[in-house]
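For reference, the chains in residue letters:
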Amino acid sequence: MKQIVVAIDGYSSCGKSTIAKALARYAGYTYVDTGAMYRTIALYTLRHQLTEPEDIIAHLDQITVGFILVNGAQHATLNGEDVEDSIRTLEVGNRASQISQIKQVRAFLVAQQQAMGVHKAIVMDGRDIGTVVFPNAELKLFLTASPEVRAQRRYDELVEKGEQPDFQAVLADVNDRDYRDTHRAESPLRQAEDAIVVDNSHLTREEQMDLIYGLFDQTIQQ
Ligand code: DC
């Protein structure tokens, strides 16, 4: 069976990582969460109080972003430290959205992402995977859902973590992040011409995964 690259792009809180993880498991492929890589750099800049792009760029050679498996789950690492919990906050998400606008930060991470995919058999999710990182990916999915549905999912996740979010603030945050992700000068989020759009606002998880597994099976048989 041929091995392929699956590129999954889409807005924040669209369920990209859940879908990508499930597909990677189904296919027996490696999963890479590129958002976690931007979040890990964001965490470094918060810890070192770096706000100016030139300072952030000057520190890149001191940052090693990696992944480890903990009880079968992928955790992001920053210079060897497991930072999976620390990177999943609203503050880090917002900083990630800001630092991802810096061209050199993108180039730094894109090179690592491309290296991870040289042997194919990979499912990678992010914002620019089908457009910049793997423009030749055999299967490209572009996920969407309405801002309200995404805000509700994000809200539920935060409540589950013990936080007490305000729904309107979460919705405003989703809208702000969409705006930044789609309007930045460097690799803005956009649908690759050959990407298949999956709007999951009204799909159950099973319906959605059946659709995606079907697309995967079709692609590897072509
Ligand atoms: O998917 P996420 O919410 O974990 O991503 C965090 C931020 O990182 C998001 O606001 C945009 C940025 N990002 C990016 O610019 N390119 C990617 N390939 C992945 C994420």
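Our structure's up above, just so we're on the same page.
This is a predicted model, so every value here is computed, not measured.

**Digging into the sheet that holds strand E4 (residues 73-78)**
- Strand order in this open sheet of 3 strands is E3-E4-E5, and the pairing throughout is antiparallel. Edge positions in the open sheet fall to strand E3 (65-70) and strand E5 (81-82), since each of these has one partner strand only.
- Here E4 pairs with E5 via 2 bridges, running antiparallel. Looking at E5, one finds that threonine 77 is bridged to aspartate 82.
- With respect to the sheet, helix H2 (residues 34-47) is in contact with E3, E4 and E5, its orientation differing from that of E4 by roughly 35°.

**Quick look at the environment of aspartate 176**
- The residue aspartate 176 is located in helix H8 (residues 167-183) in this model.
- Counting along the chain gives 82 residues from aspartate 176 to asparagine 94, while the straight-line C-alpha distance between them is 9.2 Å.

**Section: helix H9 (residues 205-221)**
- Taking 1.5 Å of rise per residue, the 17 residues of H9 would be expected to cover 24 Å, and the 24 Å separating its terminal C-alpha atoms lies within 8% of that figure.
- Listing the buried residues of H9 in full gives Gln208, Met209, Ile212, Tyr213, Leu215, Phe216, Thr219 and Ile220. Down the axis of H9, the sector holding all buried residues measures 160°, keeping them to one side. Along H9, exposed side chains directed more than 90 degrees from the buried face belong to Glu206, Asp210 and Gln221.
- Of the surrounding elements, those touching the buried residues of H9 are strand E1 (5-10), helix H1 (16-27), strand E7 (139-144) and strand E8 (196-199).

**What to know about the site of the ligand**
- Taken together, 15 residues form the shell around the ligand, and within it Arg39, Arg106, Arg127, Asp128 and Arg184 come nearest.
- Measuring from an oxygen atom of the ligand, one finds a side-chain N or O atom of arginine 127 at 2.9 Å.
- Aspartate 128 places a polar side-chain atom, nitrogen or oxygen, 2.8 Å from a nitrogen atom of the ligand.
- Summarising the interface, the protein chains cover 95% of the accessible area of the ligand, which totals 450 Å² for the free molecule.

**Concerning the environment of aspartate 33**
- The topology assignment puts aspartate 33 in strand E2 (residues 30-33).
- According to the relative accessible area criterion, aspartate 33 is buried, its value standing at 9%.
- When the C-alpha positions of aspartate 33 and tyrosine 11 are compared, they lie 14 Å apart, and in sequence the two are 22 residues distant.
- Setting aside anything within four residues of it in sequence, one finds aspartate 33 in contact with Phe67, Gln74, Arg88 and Asp125.
- In this structure the side chain of aspartate 33 is engaged in a polar contact, spanning 3.1 Å, whose partner is the backbone nitrogen of glycine 35.

**Structural notes on the packing of H1 against H9**
- The interhelical angle for the contact between H1 and H9, taken along N-to-C directions, is 50°, at an axis separation of 11 Å. Classified by the interaxial angle, the pair formed by H1 and H9 is oblique. Two packed elements cross with a definite hand, and for H1 against H9 that hand is right-handed. Contact residues: H1 offers Thr18, Ile19, Ala22, Leu23, Tyr26 and Ala27, while H9 offers Arg205, Gln208, Met209, Ile212, Tyr213, Phe216 and Asp217.

Conventions and cut-offs
- Residues numbered from 1 in each chain as written.
- Predicted model: local features only at pLDDT ≥ 70, side-chain atom pairs only at ≥ 80, totals over all residues.
- Heavy atoms only, no water.
- Pairing = 2+ DSSP bridges.
- Helix = DSSP H or I, 4+ residues; strand = E, 2+ residues; numbered from the N terminus.
- Contact = heavy atoms within 4.5 Å.
- Axes fitted to C-alpha atoms, helices over the stretch in contact; angles between N-to-C directions.
- Expected span 1.5 Å × (residues − 1).
- Buried < 20%, exposed > 50% of the residue type's maximum accessible area, 1.4 Å probe, protein only.
- Arc of directions from axis to C-beta.
- Near = heavy atom within 4 Å.
- Polar contact = N/O pair within 3.5 Å; in protein donor to acceptor, adjacent residues only side chain to side chain.
- Areas by Shrake-Rupley, 256 points an atom, 1.4 Å probe, with all protein chains shown as cover.
- Parallel < 35°, antiparallel > 145°, perpendicular 65-115°, else oblique.
- Left-handed = near helix turned anticlockwise from the far one by under 90°.

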